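Chain and residue survey
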Amino acid sequence: MTGTERREQLLDIGRTLFAERGFEGTSVEEIAAKAGVSKPVVYEHFSGKEGLYAVIVDREMTRLLDMVQGALTAGHPRELCEQAAFALLDYIEQYTDGFHILVRDSPVAQSTGTFASLIGDIATQVEDILGLEFKARGFDPKLAPMYAQALVGMVALTGQWWLNVRRPEKSEVAAHLVNLAWNGLQGLEHSPRLVGHRRV
């Protein structure tokens, strides 16, 4: 096996184990044993468990962001919402191990590599679309980042739930997500006010 092939093998094994057991529940010994190599081979390629985990998280984040960016092709905002919802649900369905890894807290000491930072990256993509739509409809485009976070967060959390129950079908989940988002956005008030007594 070449060095590149060995590296990919270790990444595949690490990905499966981290998805099943999490970072803390996975050991270098276990990864090495499954690969049929000694522990120093894992250290040689990744400098340890943290390095292996960081590469896996980075690859998964790139894969998901690419899927979302590649999906956003339509011109109509409602269809863009549908495409974004499908992109995340497609990723969850096709790369379930990767999604399990991303939704866990990252032990890697950096500001990136967590599900929250990934959601933030996706929300930035959506923010640009919402900003243009807000401007066209007379809303304050400075509010677009907050609405983007709300929309992407809604889809991401629903995706986590759907991963466990797998019902209803993906297309129905996407339709309901877009129904809530679109019809909620459709009737958006320019200056929303609270109806209760609490103000702080």
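Residues numbered from 1 in each chain as written. Predicted model: local features only at pLDDT ≥ 70, side-chain atom pairs only at ≥ 80, totals over all residues. Heavy atoms only, no water.

Looking at an unreviewed UniProt entry, one finds the chain named TetR family transcriptional regulator, with Streptomyces xiamenensis as its source organism.

As for the UniProt feature "DNA-binding region" (unreviewed entry) in the chain
The condition that has to hold: UniProt positions are given in the numbering used here, feature names are shortened, and annotations may be inferred rather than shown by experiment. Secondary structure elements follow DSSP: runs of H or I no shorter than four residues count as helices, runs of E no shorter than two count as strands, and numbering proceeds from the N terminus.
Sequence positions flagged by UniProt for "DNA-binding region" (unreviewed entry) are, in local numbering, residues 27-46. Between the C-alpha atoms that bound residues 27-46 there is a distance of 13 Å. The span itself is 80% helix and 0% strand.

Looking at the pattern of salt bridges
Formally: Criterion for a salt bridge: a side-chain nitrogen of Lys or Arg within 4 Å of a carboxyl oxygen of Asp or Glu. For every residue, the accessible area (1.4 Å probe, protein chains only) is compared with the maximum for its type, and the residue is labelled buried under 20%, exposed over 50%, or partly exposed between those bounds.
Evaluation of the coordinates by the stated rule reveals eight salt bridges. The partner of Arg 21 in a salt bridge is Glu 30, and the shortest N-O contact between them spans 1.8 Å. Arg 63 is the salt-bridge partner of Glu 60, the closest N and O atoms lying 2.9 Å from each other. With a gap of three residues between them, Glu 60 and Arg 63 both fall in helix H4 (residues 49-71), about one helical turn apart. For Arg 63, a relative accessible area of 30% corresponds to the partly exposed category. Connected through shared salt-bridge partners, Arg 15, Glu 60 and Arg 63 make up one network.

Description of the environment of Arg 21
Using the following cut-off: In this description, contact between two residues means that some pair of their heavy atoms is separated by no more than 4.5 Å.
You can see Arg 21 is positioned in helix H1 (residues 3-21). With 79 residues separating them in the primary sequence, Arg 21 and His 100 have C-alpha atoms 9.7 Å apart. Apart from residues lying up to four places away in sequence, Arg 21 is in contact with Thr 26, Glu 30 and Arg 104.

Description of unusual backbone geometry
In this chain, Arg 167 is followed by Pro 168 through a cis amide linkage whose omega measures -10°. Of note, Pro 168 is situated in the loop between helix H8 (144-165) and helix H9 (170-186). Notably, Ser 47 is not glycine yet its phi reads approximately 60°, a positive angle. Relative to the assigned elements, Ser 47 resides in the loop between helix H3 (39-46) and H4. A relative accessible area of 62% means that Ser 47 is categorised as exposed. Unusually for a residue other than glycine, Arg 166 sits at a positive phi of about 55°. Note that Arg 166 resides in the loop between H8 and H9.

Quick word on the packing of aromatic side chains
So the rule is basically this: For this analysis, a ring pair means two rings from Phe, Tyr or Trp (six-membered ring only for Trp) whose centres lie within 6.5 Å, classed as stacked if their planes differ by under 30 degrees, edge-to-face if by over 60, and tilted for the remaining angles.
By the definition in use, this model includes seven aromatic pairs. Considering the side-chain rings of Phe 134 and Phe 139, the 5.7 Å spacing of their centres and the 50° angle between planes classify their relative orientation as tilted. Judged by its relative accessible area of 4%, Phe 134 is buried. Both rings, one in Phe 134 and one in Tyr 147, keep their centres 5.2 Å apart while their planes meet at 70°; by these two values the pair is edge-to-face. Highlighted residues: Phe 134 in helix H7 (residues 115-136) and Tyr 147 in helix H8, separated in sequence by 13 residues.

Topic: helix H2 (residues 28-35)
Condition: Think of the arc as the fan of directions from the helix axis to the C-beta atoms.
Three or more residues of H2 are buried, namely Val 28, Ile 31, Ala 32 and Ala 35. Along the axis of H2, the buried positions cluster into a sector of 95°, meaning they face one direction only. Turned more than 90 degrees from where H2 packs its buried face, Ala 33 and Lys 34 sit exposed. Positive backbone phi, approximately 75°, marks Gly 36, located one or two places after H2.

Some points on the packing of H1 against H4
Here is the rule: To get an axis, a line is fitted to the C-alpha atoms, and for a helix only the part in contact is used. The angle between two axes follows their N-to-C directions and goes from 0 to 180 degrees. Roughly parallel covers angles under 35 degrees, roughly antiparallel covers those over 145, roughly perpendicular covers 65 to 115, and oblique covers all other angles. Each residue is assigned to one of three groups, with Ala, Val, Leu, Ile, Met, Phe, Trp, Tyr, Cys and Pro labelled nonpolar, Asp, Glu, Lys and Arg labelled charged, and all others, Gly among them, labelled polar.
It is the contact of H1 with H4, at a shortest axis distance of 10 Å, that shows an interaxial angle of 85°. Taken together, the axes of H1 and H4 are roughly perpendicular relative to one another. Of the residues in H4, those in contact with Arg 7, Glu 8, Leu 10, Leu 11, Gly 14, Arg 15 and Phe 18 of H1 are Lys 49, Leu 52, Tyr 53, Val 55, Ile 56, Arg 59, Glu 60 and Arg 63. For the contact of H1 with H4, the per-class residue count stands at seven nonpolar, one polar and seven charged.

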